[in-house]
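# Secondary and tertiary structure notes
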Amino acid sequence: MPRFPLRHALFTGGLLLIGTLLVLVTPALAGHAPDPTDTTRPIPAPQAHPTAAVPPAIVYFTLDPAKDRYAVGDVFTATLEIDNLTDFMGGDFTMSFDPHSFQVLDTDPVRPKIQVMPGNLLPRDASFIVPAPDGQADNTTGQIHFAGTRTVGGAANGSGSLVLIPFQVTRGCGEMTLSVPPVTLVLANTTGESLPIIPGPSGEVILTARQCSFVYLPHLSVAQD
């Protein structure tokens, strides 16, 4: 008989200890969030996951036809090409040219003023081309401004052309630089943020004249430091 109360007391105490431990441990095992009003223990701050940097798009011009020399009356198309695009939704393009030596040919005679041609990144019926009250090209001031955004098909990735500009040589003395810069270009993604860009492999292309009887064009090549 004297052993029973002691053994009973030890058994009861063990049950109480186990019960106390279960009360403390069970909320944590069940995934219960800690009480925010409990200031006795710190609540860890949520960890931010850094987003991967967007690789820059590569921008450059191509000319068609690409020749060593352009004579007065020749027509060539300057195309702004873009490689390595990520989440592209739209672009804004501005450049200057010598209107005494070059003239932009209108690509949409139905519309008033002079228009350039959207590239395949802004397909017809799937994009909105921002209307310019004075046209996209001005052959008097030598200014071109083109902007558009994709409206169907979501964002574009990879490679494509933004704008095509047909020029005609009107005088053999003159020059025009086709590179970014001095051409101004802004590319935007689906959230309206600017995409990073770098000059492409063509480097700086210059149309210039050695004599006043023709316009000289170096071959497109990788720029050498």
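In what follows, the structure referred to is the one given above.
Rules and cut-offs
Residues numbered from 1 in each chain as written. Predicted model: local features only at pLDDT ≥ 70, side-chain atom pairs only at ≥ 80, totals over all residues. Heavy atoms only, no water. Pairing = 2+ DSSP bridges. Helix = DSSP H or I, 4+ residues; strand = E, 2+ residues; numbered from the N terminus. Buried < 20%, exposed > 50% of the residue type's maximum accessible area, 1.4 Å probe, protein only. Phe/Tyr/Trp six-rings, centres within 6.5 Å; stacked < 30°, edge-to-face > 60°. Core = buried A, V, L, I, M, F, W, Y, C linked by side-chain atoms within 4.5 Å. Contact = heavy atoms within 4.5 Å.

### What about the pairing of strand S9 (residues 143-150)?
As judged from the seven bridges shared by strand S4 (residues 90-96) and S9, these two strands associate in the antiparallel manner. Bridge pairing links Phe-93 to Phe-146 in S9. As judged from the two bridges shared by strand S8 (residues 137-138) and S9, these two strands associate in the antiparallel manner. Pairing of Ala-137 across the sheet is with Ile-144, part of S9. As consecutive antiparallel partners, S8 and S9 are separated by four residues, and within that stretch Gly-142 has a phi angle of approximately 75°, a positive value.

### Describing unusual backbone geometry
Looking along the chain, the bond that leaves Asp-64 and enters Pro-65 is cis, with omega of -5°. Of note, Pro-65 is situated in the loop between strand S1 (57-64) and strand S2 (69-70). Cis rather than trans, the peptide bond between Val-180 and Pro-181 has omega equal to -15°. Tracing the sequence through the fold places Pro-181 in the loop between strand S11 (176-178) and strand S12 (184-188). At Asn-84, a residue that is not glycine, the phi angle is positive and equals roughly 65°. Topologically, Asn-84 is positioned in strand S3 (residues 75-88). Given a relative accessible area of 36%, Asn-84 falls into the partly exposed group.

### Re the packing of aromatic side chains
Enumeration over the complete set of coordinates arrives at five aromatic pairs. Clustering of aromatic rings is evident, with ring pairs tying together Phe-76, Phe-97, Phe-102 and Phe-167.

### Focus on the nonpolar core
Ranked by internal contacts, the top residues of the largest apolar core, which has 37 residues, are Phe-93, Met-95, Ile-144, Leu-162 and Phe-167. Going through the elements one at a time, S1, S3, S4, strand S5 (102-104), S9, strand S10 (156-169), S11 and S12 are the ones with two or more residues in this core. Not counting chain neighbours up to four residues away, the residues in contact with Leu-162 comprise Leu-80, Ile-82, Phe-88, Gly-91, Phe-93, Pro-118, Gly-119, Leu-121, Leu-122, Phe-146, Leu-185 and Leu-187.

### What to know about the side chain of Ser-161
Tracing the backbone shows Ser-161 in strand S10. Look at Ser-161 and you get buried, because its relative accessible area is 6%. Residues in contact with Ser-161, not counting those within four places in the same chain, are Thr-79, Leu-80, Glu-81, Gly-119, Asn-120 and Leu-121.

Any functional reading would require information that these geometric values do not contain.
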